[in-house]
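This is what each chain is made of:
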Amino acid sequence: MKFVTLVNFTKQGFKTIEQSPGRAEVFAKHAAKSGLEISEILWLNGRIDGLIVFDAPDRETASAAMLQLSKSGFVKTETLSAFDAQDMRQ
């Protein structure tokens with residue numbers, strides 16, 4: 001299953017924003033161990049601070065990983081199911 005997570009920094013996250021790429025690397029390693037395949041982690045300008053594109057075996061696995069990320073206190077997340085053209089045809 002495909003997912004997109006919108007990421008916004010918390011106050012704590014903004015205070016240590018220079019450490020964000022390192023935290024993303026650590027997150028990606030932990031996420032892979034829990035069954036996620038991360039396609040991209042992007043930082044954005046605008047209303048949303050970041051974007052994570054990934055595949056997970058199921059919604060529960062995706063939710064658990066994003067809850068763990070939010071638990072860090074550096075970001076708040078909103079995860080959306082994503083569908084490509086083949087998914088939509090089905």
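The residue numbers shown here count from 1 along each chain, following its written sequence. The predicted origin of the model limits local features to residues at a pLDDT of at least 70 and limits the giving and counting of side-chain atom pairs to 80 or more, whereas totals for whole chains, interfaces and linings rest on all residues. With hydrogens and water set aside, each side-chain value is computed from the structure's full complement of heavy atoms.

Undergrad: Could you give an account of the overall build of the protein chain, naming the residues involved and the relevant values?
TA: Helix and strand content of the protein chain: four helices and four strands. Numbering of helices and strands runs from the N terminus, with a helix taken as a DSSP run of H or I at least four residues long and a strand as a DSSP run of E at least two residues long. Along the protein chain, helices (α) and strands (β) appear in the sequence β-α-α-β-β-α-β-α when read from the amino end. Both definitions apply: the radius of gyration is a C-alpha atom measure, and the globule rule equals 2.2 Å times residues to the power 0.38. Computed over its C-alpha atoms, the radius of gyration of the protein chain comes to 13 Å, within 12% of the 12 Å expected for a compact globule of 90 residues. C-alpha atoms of the protein chain, sized along the principal axes, occupy 45 × 30 × 15 Å. For the protein chain, the proportion of its 90 residues judged to be buried stands at 30%. Put simply, 62% of the contacts in the protein chain that link residues at least 6 apart link residues at least 24 apart. Each accessible area value is a Shrake-Rupley result obtained with a 1.4 Å probe; residue values ignore everything except the protein chains displayed when judging cover. Surface accessibility of the protein chain: about 6100 Å² in total, with carbon and sulfur atoms responsible for 55%. Charge assignment: positive for Lys and Arg, negative for Asp and Glu; neither His nor the chain ends contribute. Where a charge lies is defined by one atom per residue type, namely NZ (Lys), CZ (Arg), CG (Asp) and CD (Glu). Each charge class in the protein chain can be summarised by its mean position, and for the 11 positive and 11 negative side chains these summaries are 8 Å apart. Accessibility here uses a 1.4 Å probe with only protein chains present; expressed as a share of the type maximum, an area under 20% marks a residue as buried, one over 50% as exposed, and anything in between as partly exposed. Contacts are residue-level and defined by heavy atoms, with any inter-residue pair within 4.5 Å sufficient.

Undergrad: Help me get a handle on the sheet that holds strand E3 (residues 50-55), residues and values and all.
TA: Taken together, four strands build an open sheet; the order of strands is E2-E3-E1-E4 and the sheet is antiparallel. If you trace the sheet from one side to the other, it starts and ends with strand E2 (37-43) and strand E4 (75-82), each paired once. Within this sheet the neighbouring strands show an average axis-to-axis angle of 15 degrees, counted without direction. Inter-axis angles, ranging from 0 to 180 degrees, are taken between N-to-C directions of lines fitted to C-alpha atoms, where helices are fitted over the stretch in contact. Of the strands in this sheet, strand E1 (2-9), E2 and E3 are in contact with helix H2 (residues 20-33), which crosses E2 at around 165 degrees. Helix-sheet contacts for helix H3 (residues 59-71) involve E1, E3 and E4, and the interaxial angle to E4 is about 165 degrees. When DSSP finds at least two bridges between two strands, those strands are taken to pair.

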